[in-house]
Amino acid sequence: MKKSKIIGLILTIVLMLSLSSCENESTGNGGQLVKVATVVAPTHPVNIAMREVFLPTIEEETDGKYNVQLYDSGRLGGEKQLFDYTRSGIIEITAVGTVMWSEIDMMATPDFPFIFRDVKHARKVYEGEIGDEIAKYLEDREPLKFMAWAPNGARVFSSSKDLRSVEDFKGQKLRMPNNPIHVKLAESLGANVVIMDMSEVFTSLEQGVIDGQDNPLSTFRQEGWYTVSKDIYETNHMVSSIELLGNDEFLESLPEEDREIFERAAKLTAKRAWDIYEQSIEDDKEFLAEQGITITEPTEEEFSKMREMAQPVYDYLFTKYDWAEDLVERIQEVK
């Protein structure tokens, strides 16, 4: 038996065991089973939109022809597993972050620092021609349909120490994910990088192993880091995305009318997720302020200084990817 088939069989067995122990939300009918998996919490805008838009749209517009089951919170595996499950057809549809960037290099673009002016600019890029171009880049290399771009949040820096200006980064121990772009950015700002899993962040902040980290405001709130931190520097240095991906073979097997319903439902779901996310930003800021967190928005002068300090990151990216410089320029030209 070929190695790829053995791996596929193992993945199938693992998934079947996972499914047997997981509760899920579904359209609640006996139609053709369609598994939709995410890694984010039930309260994440993507999962809220899945329940509000995706499930009912498929149910209503196909007259219950499909039994769409939603498995959130990583119950069927981590991001890399869900990506692999979807491209192999074990899962029909998934919503994951840019975990595939090491294999599909252009998917690293959402992590390029300071390429978006703000969340609205990022959304316009993702939903426009450039988003379509990046999506096609992935589709040309994987057995996947890129169904829609959804939000994962604008990343900000936080710390248990003073973090209210560019100068405050110097010497701080910041946790960063194991991604060279993130690591190089923190180092270029003068911080000392500590690479660790997100599950370790709370205890590490509590014990002083690290001073801070970077993540969206919503993550900072949901993880309870406001109890072991004091400052947020609202840099919005990366506006991260979640990609809604469908297995190509599954979608191509559907009648054309049904396939169009699935694809339209995905786009409507992503739009709803963006709306929910944008509305949540002020609520998160208000909540965190009530918990005693100081939130500082950098001045335009400080933003310019951070972009200058981050030039080594761009030099690295432009050397590594021959498409990067042109793409960044075009993103920044989007009004």
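Our subject is the structure listed above.
As a convention, each chain's residues are numbered from 1 in the sequence order in which they are written. Predicted model: local features are reported for residues with pLDDT of at least 70 only, side-chain atom pairs are reported and counted for 80 or more only, and whole-chain, interface and lining totals are derived from all residues. Excluding hydrogens and water, the side-chain figures rest on all heavy atoms present in the structure.

Overview of the overall build of the protein
For step 1, the next point in the chain: We count a stretch as a helix when DSSP gives it H or I for four or more residues in a row; a strand needs E for two or more, and each element gets its number in order from the N terminus. Within the protein one finds 13 helices and 10 strands.
For step 2, the next point in the chain: With the radius of gyration taken over C-alpha atoms, the globule rule is written as 2.2 Å times the number of residues to the power 0.38. What you see for the protein is a C-alpha radius of gyration of 20 Å, in line with the 20 Å of a compact globule of 335 residues.
For step 3, the next point in the chain: Across the 335 residues in the protein, those meeting the buried criterion constitute 54%.
For step 4, the next point in the chain: By the convention used here, residues are in contact when the closest approach between their heavy atoms is within 4.5 Å. The long-range share in the protein, meaning contacts at least 24 apart out of those at least 6 apart in sequence, stands at 77%.
For step 5, the next point in the chain: Think of it this way: Lys and Arg go in the positive column, Asp and Glu in the negative one, and His and the chain ends go nowhere. Note on charges: their place is set at NZ of Lys, CZ of Arg, CG of Asp or CD of Glu. Measuring between centres, the 36 positive side-chain charges of the protein sit 3 Å from its 61 negative side-chain charges. Each residue is assigned to one of three classes by its accessible area relative to the maximum for its type, calculated with a 1.4 Å probe on protein chains only: buried under 20%, partly exposed between the two thresholds, exposed over 50%.

Description of the pattern of salt bridges
For step 1, the next point in the chain: Salt bridge criterion: a side-chain nitrogen from Lys or Arg within 4 Å of a carboxyl oxygen from Asp or Glu. For the structure shown, the criterion picks out 30 salt bridges.
For step 2, the next point in the chain: Close ionic contact of Lys 230 with Asp 162 constitutes a salt bridge, the shortest N to O distance being 2.6 Å. Remark: Asp 162 occurs in the loop between β5 (144-159) and β6 (173-176) and Lys 230 occurs in the loop between α8 (217-222) and β9 (231-247); sequence separation between them is 68 residues.
For step 3, the next point in the chain: Within the structure, one salt-bridge network assembled from shared partners comprises Lys 120, Arg 123, Glu 127, Lys 271, Asp 275 and Glu 278.

What about the packing of helix α2 (residues 45-61) against helix α10 (residues 256-290)?
For step 1, the next point in the chain: To define axes, lines are fitted to C-alpha atoms, for helices over the stretch in contact only, and angles between the resulting N-to-C directions are given on a 0 to 180 degree scale. One way to put it is that α2 packs onto α10 with a least axis distance of 8 Å and a crossing angle of 150°. On the basis of the axis angle, α2 is roughly antiparallel to α10. Where α2 crosses over α10, the two elements pack in a sense that is right-handed. In this structure, α2 contributes Pro 45, Val 46, Ile 48, Ala 49, Met 50, Glu 52, Val 53, Phe 54, Thr 57, Ile 58 and Glu 61 to the contact, and α10 contributes Ile 261, Phe 262, Arg 264, Ala 265, Ala 266, Leu 268, Thr 269, Arg 272, Ala 273, Ile 276 and Tyr 277.
For step 2, the next point in the chain: Each residue receives one of three labels: charged for Asp, Glu, Lys and Arg, nonpolar for Ala, Val, Leu, Ile, Met, Phe, Trp, Tyr, Cys and Pro, and polar for the others, Gly being one of them. Taken together, the residues of the contact of α2 with α10 sort by class into 16 nonpolar, two polar and four charged. Just so you know how the angles are binned, under 35 degrees is roughly parallel, over 145 roughly antiparallel, 65 to 115 roughly perpendicular, and the rest oblique. We call a crossing left-handed when the near helix sits turned anticlockwise from the far one by less than a right angle, and right-handed when that turn is clockwise.

Some words on the environment of Phe 262
For step 1, the next point in the chain: Note that Phe 262 resides in helix α10.
For step 2, the next point in the chain: Owing to a relative accessible area of 0%, Phe 262 belongs among the buried residues under this scheme.
For step 3, the next point in the chain: Along the primary structure Phe 262 and Met 306 are separated by 44 residues, whereas in three dimensions their C-alpha atoms are 42 Å apart.
For step 4, the next point in the chain: Residues in contact with Phe 262, not counting those within four places in the same chain, are Val 34, Phe 54, Ile 58, Tyr 66, Ile 93, Met 147, Phe 250, Leu 251 and Leu 254.

As for the packing of helix α6 (residues 180-188) against helix α12 (residues 311-320)
Pairs of packed helices are described in terms of their axes, by the angle between the two and the distance that separates them.
For step 1, the next point in the chain: Packing of α6 against α12 brings their axes to within 8 Å, and their N-to-C directions diverge by 150°. As judged from the angle between their axes, α6 and α12 are roughly antiparallel. Residue-level inspection shows Pro 180, Ile 181, Lys 184, Leu 185 and Ser 188 of α6 in contact with α12, the latter providing Val 313, Tyr 316 and Leu 317.
For step 2, the next point in the chain: Classifying every residue of the contact of α6 with α12 by side-chain character gives six nonpolar, one polar and one charged.

Quick notes on unusual backbone geometry
For step 1, the next point in the chain: Despite not being glycine, Ser 73 has its phi angle at roughly 60°, a positive value.
For step 2, the next point in the chain: One non-glycine residue, Phe 114, lies in the positive phi region at around 60°.
For step 3, the next point in the chain: Relative to the elements of secondary structure, Phe 114 occurs in the loop between β4 (93-96) and α4 (119-126).
For step 4, the next point in the chain: Taking relative accessible area as the criterion, Phe 114 reaches 4% and is therefore assigned buried.

A short note on the side chain of Glu 234
For step 1, the next point in the chain: Tracing the chain through its elements places Glu 234 in strand β9.
For step 2, the next point in the chain: Residue classification places Glu 234 among the buried positions, given a relative accessible area of 8%.
For step 3, the next point in the chain: With near-sequence residues (within four places) excluded, Glu 234 lies in contact with Val 156, Lys 285, Ile 295, Thr 296, Glu 297, Pro 298 and Phe 303.

Considerations on α10
For step 1, the next point in the chain: The span one expects for a helix is its residue count, reduced by one, times 1.5 Å. With 35 residues, α10 extends 51 Å between its outermost C-alpha atoms, agreeing within 8% with the 51 Å of an ideal straight helix rising 1.5 Å per residue.
For step 2, the next point in the chain: Ser 280 marks where α10 bends most, by close to 30°. One fitted axis covers the seven residues ending at a residue, a second covers the seven starting there, and the bend at that residue is the angle between these axes.

Considerations on the pairing of strand β3 (residues 66-71)
In regular strands, side chains alternate between the two faces of the sheet.
For step 1, the next point in the chain: Buried residues dominate β3, accounting for six of its six residues.
For step 2, the next point in the chain: Because side chains alternate across β3, one face comprises the buried residues Tyr 66, Val 68 and Leu 70, and the other comprises Asn 67, Gln 69 and Tyr 71, equally buried.
For step 3, the next point in the chain: Two strands are said to pair when DSSP picks up at least two bridges between them. The pairing of strand β1 (residues 25-26) with β3 spans two bridges and is antiparallel. Bridging from a neighbouring strand, Glu 25 pairs with Leu 70 of β3.
For step 4, the next point in the chain: Judged from the six bridges that link them, strand β2 (residues 32-38) and β3 form a sheet pairing that is parallel. Of the residues in β3, the one forming a bridge with Ala 37 is Tyr 71.
For step 5, the next point in the chain: Whether a crossover is right-handed comes down to one check: with the strands pointing away from the viewer, does the path from the first strand over the helix to the second run clockwise; if it does, it is right-handed. The handedness of the β2 to β3 crossover, carried by α2, is right-handed.

Here we look at the nonpolar core
For step 1, the next point in the chain: Membership of the largest hydrophobic core comes to 76 residues, with the highest contact counts inside it found for Met 107, Phe 112 and Phe 157.
For step 2, the next point in the chain: In terms of residues, this core owes the most to one element, β5, which gives six residues.
For step 3, the next point in the chain: Among residues more than four places away in sequence, those in contact with Phe 112 are Ile 181, His 237, Met 238, Leu 317, Tyr 321, Trp 323, Ala 324 and Val 328.
For step 4, the next point in the chain: Core analysis: the second largest hydrophobic core is formed by 28 residues, Tyr 66, Ile 242, Leu 251 and Ala 266 among them. Only buried Ala, Val, Leu, Ile, Met, Phe, Trp, Tyr and Cys residues count toward a nonpolar core, and they belong to the same one when joined by side-chain atoms within 4.5 Å.

Examining the environment of Ala 154
For step 1, the next point in the chain: Along the chain, the position of Ala 154 falls in strand β5.
For step 2, the next point in the chain: For the pair Ala 154 and Asp 111, spaced 43 residues apart in sequence, the C-alpha separation works out to 10 Å.

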